[in-house]
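Single-letter residue listing:
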Amino acid sequence: MKFTISPIQLESRGIKDQKVLQAIRQIPRELFVPKNYREVAYTDRALPIDCGQTISQPFIVAYMTEKLQLKPSDKVLEIGTGSGFQTAVLAQLVKEVYTIEIYSELSQKAQKLLTQLGYQNIFYYQGDGNLGWPEKKEFEAIILTAASKQIPKTLLEQLKTTGKMILPLEINSGEQILYLIKKLPQGKGKLQSTPLLPVRFVPLL
Ligand code: SAH
């Protein structure tokens, strides 16, 4: 059994950002998965967690994080705390992470674990992520880890101009594409949308 996610595993799939690779390497993923999956915690697979949800595949976590090009001074909003693994990666890279989870069981479990691991720059909210975190806008980056049928408008309003949002969008017949959305400085709230790759996420409720 290996005790870290091998950066080589991620680099060979095109992840280049050393800060992202280092952050992922430092997080014990085995603590974020159910006990009976610990043996496979360091393989590049999505795994089931409580409430019928999943912890994302490490490659996807690395890929989404890299695409956001985060800065240490950034404030980031995450929709779908789940296990809290992606939350931990973000918290290693930015000033503050605001994370929303709809299931209280998952939110509480993640909060307990992340607190035990020593993270002090994560703020938790249990509720509907579609509404965002209006008191804390605007965010330099917003990440959704559940698939939406459209870009949630309320979240876009909470994104800073020049900020980036990354999310899986359900296009048609259940097909999902990961999109990077940039809020452009020119034009009123004009967006630049870039499709990145096909993905499979649980649906945004
Ligand atoms: N980043 C997490 C992914 C968990 S799966 C991880 O790697 O562990 C997506 C999560 O989004 C689930 O925990 C699900 O409960 C949550 N979710 C779904 N719809 C939501 C909504 N409307 N608001 C907040 N969280 C939501």
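One can find the structure itself at the top, above this paragraph.
From a predicted model like this one, the values you see are computed outputs, not experimental measurements.

Caption draft 1: Spatial organisation of the sheet that holds strand β8 (residues 176–183). Spatially, the seven strands line up as an open sheet ordered β5-β4-β3-β6-β7-β8-β9, and their pairing is mixed. Of all strands in the sheet, those bounded by a partner on one side alone are β5 (122–126) and β9 (191–199). Neighbour-to-neighbour, the strand axes of the sheet open up by a mean angle of 15°, direction not taken into account. Pairing of β8 with β9 involves eight bridges; the strand directions are antiparallel. Paired with Y179 across the two strands is P195, which belongs to β9. Running over the sheet, helix α3 (residues 58–67) touches β6 (139–144), β7 (159–170), β8 and β9 and is turned about 165° from β9. Sheet strands in contact with helix α5 (residues 104–116) are β4 (96–101) and β5, and its direction is about 165° off that of β5.

Caption draft 2: Inspection of the nonpolar core at higher detail. L10, I24, F32, L70, F85, V89 and L114 are the most contacted members of the largest nonpolar core, which has 48 residues in total. Mapped by element, the contributors of at least two residues to this core are α2 (18–25), α3, α4 (85–93), α5, β5, β6, β8 and β9. Apart from residues no more than four positions distant in its own chain, F32 is found in contact with I27, I49, I55, S83, G84, F85, A88, L113, L114 and L117. Counting 17 residues, the second largest nonpolar core, distinct from the first, contains L77, F139, I142 and Y179.

The rules we used
- Per-chain numbering applies: the sequence of each chain, read as written, is numbered from 1 onward.
- Residue-level local features of this predicted model are given only where pLDDT is at least 70; pairs of side-chain atoms are given and counted only at 80 or more, and the full residue set underlies all totals for whole chains, interfaces and linings.
- No hydrogens and no water enter the side-chain calculation; it runs on all heavy atoms of the structure.
- Pairing between strands is defined by DSSP: at least two bridges between the two strands are required.
- We count a stretch as a helix when DSSP gives it H or I for four or more residues in a row; a strand needs E for two or more, and each element gets its number in order from the N terminus.
- To get an axis, a line is fitted to the C-alpha atoms, and for a helix only the part in contact is used. The angle between two axes follows their N-to-C directions and goes from 0 to 180 degrees.
- Note on definitions: a residue-residue contact is assigned when non-hydrogen atoms from the two residues lie within 4.5 Å.
- Residues belong to a common nonpolar core when they are buried Ala, Val, Leu, Ile, Met, Phe, Trp, Tyr or Cys residues joined through side-chain atoms within 4.5 Å.
- Between buried and exposed lies partly exposed: a residue is buried under 20% and exposed over 50% of the maximum accessible area for its type, with that area taken using a 1.4 Å probe on protein chains only.

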